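For reference, the chains in residue letters:
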Amino acid sequence: MGITVLTGRFNDGPFIGLNYQTPSQRGVTSSDGSFLYMEGEDVFFSIGLLAVGVAKGGPSLTLASLHDSGSDTAVDLLRPDTINRARFVLSLGQEADLYTGVVIDERVKQAVSHRANEISFTSSVETFEQSSSVKAVFEQLGCRFRGAAEARNHTRRGLLGIRAKRDVRVPLRDGSYLLADVFHPVAKGTYPVLLRLSIYGRAFTIGSTHSENDHKLSEEREADWYEKSRSQINAYFRYSETCVSANSSDWVPRGYVVVRVDARGVGQSPGKLEPFSKQEAEDYYDSIQWAAQQPWSNGRVGLYGASYNATIQWNVAALQPPALKAIAPLASDADAYRDLAYQGGILLENYRKWWFENTVWPAKNPHSDVADFVAGLPSHPWDDGHYHGEALLSADYPSIKVPFITSVSQTSWIHSRAGFEAFMHAPSVSKRLLVWDASYTSYMYEDSKLDLEEFFDEHLKGQKPERRPPAVRLVMRTGDGGFEWRVSDSWPLRGTDYRSYFLGAGGSNRDGHLLDIPPTKDGVIEYSADSSGPVEDVDLAVFTSEPLEQPLELAGHFRASLWVSSSSTNADIFVAIRVFDGSREVQYRTREPGSVAPLTWGVLKASHRAVDPGLSTTERPWHTHRQDDALPLTPNETVAVEVELMPATARIPAGYRLRVEISAAEGRGRIPGFERAYDESYHKGVVNRVFAGHTHPSSITLPVVCGNNRGRDHS
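Below or above, wherever it landed, is the structure these notes cover. Quick caveat: nothing in here was measured; it's all calculated off a predicted structure. (Residues numbered from 1 in each chain as written. Predicted model: local features only at pLDDT ≥ 70, side-chain atom pairs only at ≥ 80, totals over all residues. Heavy atoms only, no water.)

Core analysis: the biggest nonpolar cluster contains 95 residues, and Leu195, Val259, Trp355 and Phe456 have the highest contact counts within it. Contact partners of Phe456, with chain neighbours within four places excluded, come to Leu194, Trp251, Tyr256, Gly302, Leu303, Tyr304, Ala326, Ile327, Ala328 and Lys461. In terms of nonpolar packing, the next biggest core, distinct from the first, is built from 45 residues, Leu503, Val641, Leu645 and Ile662 among them. (Core = buried A, V, L, I, M, F, W, Y, C linked by side-chain atoms within 4.5 Å. Buried < 20%, exposed > 50% of the residue type's maximum accessible area, 1.4 Å probe, protein only. Contact = heavy atoms within 4.5 Å.)

Shown next, in the form of structure tokens:
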């Protein structure tokens with residue numbers, strides 16, 4: 001039997017022209033970076049006279065495999081000799097991303113050999129980077145000496161079998177282009193693609209690299225993300241490489257290509273930055289079709305991302321690009337007026353300013369124009385063409401036929417309703433709904449990881465799951481931070497009992513009752529609309545139930561049907577439902593220590609109270625928000641309003657009380673700095689009223705889960 005000569009390569013290469021020697025083989029690595037060895041042999045690598053290191057021969061090595069002796073086989077990216085060795089070898093490469101590797105020609109070998117006796121990889125990282133001999137090599141060669149974090153990150157990708165190509169041009173139909181980063185397996189082949197186009201940039205966590213310092217900071221954030229505790233990282237960025245989109249470290253080792261595209265006007269992509277626009281959707285379409293035609297692609301493209309990276313998936317999915325086979329818009333918005341801008345007709349003023357100034361603006365191309373997104377919102381206070389293609393797009397659900405898995409972050413100030421609307425109204429024959437809690441990132445990357453893997457494996461790889469997954473998985477919140485997973489074949493849950501509790505006014509001028517039967521006595525509670533101060537000063541009309549005789553399990557849509565009046569011509573109506581155990585409020589948010597958010601909430605500007613009967617359902621009213629339907633109040637005239645409250649889940653034990661709070665501004669639980677618009681003209685010095693009783697039967701409606709829908713998720 002003959003002795004087999006084996007071939008090996010460096011996953012973080014290729015390193016072309018590297019000297020190698022084994023007891024049986026010697027030479028230089030070939031044009032594809034390969035070297036020869038025999039089973040069990042150590043391979044010694046060098047650059048001219050400089051010994052780079054030795055490793056046990058294998059088909060796939062990285063620079064972290066190399067050591068000073070063959071007996072040392074530990075792989076540790078934080079070892080000084082590993083860092084120094086990687087920095088030195090990688091800095092010999094000319095490309096910024098090292099995609100085609102490092103070529104070690106005679107010129108390089110001569111420069112290195114001249115200083116070989118003065119270079120020691122075993123010195124400290126600081127000593128090594130300050131070495132005059134090391135500096136002299138790279139000054140002579142005209143190469144940039146790469147940072148320690150950059151070298152570790154590149155080598156880490158090699159360990160994971162990932163090759164990264166940066167600043168790839170994606171051509172567009174109008175002759176322009178976008179820039180993208182592509183992460184694909186080292187092993188040659190064709191793979192399904194997970195793509196996201198975004199305005200948040202391609203730098204690690206968020207932002208763009210406009211300078212060498214930006215690049216350095218991005219590399220350091222990446223290294224810290226892998227190497228240090230993430231407990232100190234903002235929860236929004238703790239789980240994701242780049243702002244709630246697909247992690248290359250998760251998906252590329254599973255046989256996917258991950259593509260991150262900068263939208264127009266972002267990073268170094270030319271053009272005008274136009275968030276949520278028709279132009280952006282068309283660019284997304286072109287990016288999907290481009291990705292499907294690349295040599296590393298199997299022609300099947302999926303979209304994956306949350307927040308903004310989810311919202312714009314609906315817009316491009318409605319255009320039906322042929323290569324788009326599956327989408328995962330997670331914790332999304334969809335209706336540009338109702339979700340993004342004017343919940344209940346009240347502008348998300350401070351949040352949208354903060355969002356644009358702190359997340360969008362820093363990532364923009366400094367040479368590009370930007371659509372005045374923030375100014376456009378107050379200029380269009382009604383649901384008009386501005387939100388349907390003239391500036392922003394809203395989801396066209398009837399045109400969305402691609403398979404999707406979507407989620408909601410229940411009762412959050414954003415992302416809390418679009419997924420429900422999509423699941424109920426999009427005609428896709430394959431659709432799944434995940435109901436997470438408000439703080440969604442851990443649910444996205446940990447709890448629902450298997451859901452997402454199964455979904456994309458099925459639709460992009462053709463791998464059918466062993467068992468058919470449920471159409472709906474939901475977090476049933478049990479109070480004090482607890483929850484259980486539930487499953488259902490539908491949303492809303494079949495057989496939901498929409499149970500009304502009626503407001504009763506009597507006794508104290510500010511304290512009403514919450515009753516399970518309509519009260520016979522009429523009453524009214526007044527509260528001040530003057531709510532410009534701190535949250536503690538927001539005046540409330542409060543309605544509290546007796547202790548529950550039976551436990552309640554709730555899952556679905558809530559609403560408040562109220563009779564109200566104001567001493568002004570308009571009113572902002574905020575409704576919150578809370579749960580109390582005696583005098584202690586029971587918090588239902590999960591993974592949010594210290595939260596004082598209500599169980600659920602809703603808002604409505606009274607002049608926007610007109611509803612469309614054809615679009616309203618048992619679950620929720622549909623307000624038209626059209627200027628032609630405006631209904632200003634006549635001072636002190638009583639009118640009926642329907643307030644949509646955010647869908648939610650909760651298990652409430654017997655003995656607990658329900659409490660309804662009605663106010664003219666958001667109460668406890670609002671996020672400082674994210675306040676909604678406040679118009680003093682109908683707040684200052686104004687008194688609002690809530691009516692209750694036989695003549696004006698104000699109520700709230702709760703979605704009570706019946707027994708046959710209480711199945712636990714045993715997955």
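This part covers the packing of aromatic side chains. One pass over the full model with this rule turns up 46 aromatic pairs. Plain terms: the ring middles of Phe35 and Tyr37 are 5.9 Å apart, the flat faces sit at 40° to each other, and that makes the pair tilted. Residue Tyr37 is classed as buried on the basis of its relative accessible area of 4%. Residues Tyr443 and Trp485 carry aromatic rings whose centres are separated by 6.2 Å and whose planes lie at 80° to one another, so their mutual orientation is edge-to-face. Placement of the pair is Tyr443 in helix H15 (residues 441-447) and Trp485 in strand S21 (residues 482-488), with a sequence separation of 42 residues. For Tyr443, a relative accessible area of 0% translates into the label buried. Given a relative accessible area of 14%, Trp485 falls into the buried group. One Lys or Arg, Arg352, reaches over the ring of Trp355 and ends 5.0 Å from the middle of that ring. (Phe/Tyr/Trp six-rings, centres within 6.5 Å; stacked < 30°, edge-to-face > 60°. Helix = DSSP H or I, 4+ residues; strand = E, 2+ residues; numbered from the N terminus. Lys NZ or Arg CZ within 6 Å of the ring centre and 35° of its normal.)

Let us now look at the packing of helix H5 (residues 148-159) against helix H6 (residues 212-227). Running from N to C, H5 and H6 cross one another at 55°; their axes reach a closest spacing of 8 Å. Between H5 and H6, the angle is such that the two are oblique. You can see that H5 and H6 cross each other, and the crossing is left-handed. Where H5 approaches H6, its residues Ala149, Glu150, Arg152, Asn153, Arg156 and Arg157 are matched on the opposing element by His215, Glu219, Glu220, Glu222, Ala223, Tyr226 and Glu227. In the contact of H5 with H6, the residues fall into three nonpolar, two polar and eight charged. (Axes fitted to C-alpha atoms, helices over the stretch in contact; angles between N-to-C directions. Parallel < 35°, antiparallel > 145°, perpendicular 65-115°, else oblique. Left-handed = near helix turned anticlockwise from the far one by under 90°. Nonpolar A, V, L, I, M, F, W, Y, C, P; charged D, E, K, R; others polar.)

What follows deals with helix H4 (residues 132-141). Of all the residues in H4, the buried ones are Ser133, Val134, Ala136, Val137, Phe138 and Leu141. Gly142 occupies a position one or two residues after H4 and carries a positive phi of about 70°.

On to the environment of Ser176, then. Tracing the chain through its elements places Ser176 in the loop between strand S10 (162-171) and strand S11 (177-185). Separated by 49 residues in sequence, Ser176 and Trp225 place their C-alpha atoms 34 Å apart. Each residue touching Ser176, except ones within four places of it in the same chain, is listed here: Val170, Pro171, Arg264 and Pro270.

Before going further, it helps to examine H6. When the terminal C-alpha atoms of H6 are compared, their 22 Å separation across 16 residues agrees well with the 22 Å that a helix rising 1.5 Å per residue should span. Of all the residues in H6, the buried ones are Ser218, Glu219, Glu222, Ala223 and Trp225. Summarising the axial view, the buried residues of H6 lie within an arc of 160°, below the 170-degree limit, and thus occupy one face. Buried positions along H6 lie against H5, helix H7 (235-238) and helix H8 (248-251). (Expected span 1.5 Å × (residues − 1). Arc of directions from axis to C-beta.)

With that settled, consider the pattern of salt bridges. Scanning the model with the defined rule gives 56 salt bridges in all. Taking the shortest distance from any N to any O, the salt bridge between Glu421 and Arg620 comes out at 2.9 Å. Separated by 199 residues along the polypeptide, Glu421 in helix H14 (residues 418-425) and Arg620 in the loop between strand S29 (600-605) and strand S30 (639-652) bring together distant segments of the chain. An identical accessibility class is assigned to Glu421 and Arg620; each is buried. (Salt bridge = Lys/Arg side-chain N within 4 Å of Asp/Glu carboxyl O.)

On to the side chain of Arg260. Checked against the element boundaries, Arg260 lands in strand S13 (residues 257-262). A distance of 3.2 Å separates polar atoms of two side chains, one belonging to Arg260 and the other to Thr242. The residues contacting Arg260, other than those within four sequence positions of it, are Leu179, Ala180, Asp181, Phe183, Arg196, Arg202, Glu241, Thr242, Ser245, Ala246, Asn247 and Ser248. (Polar contact = N/O pair within 3.5 Å; in protein donor to acceptor, adjacent residues only side chain to side chain.)

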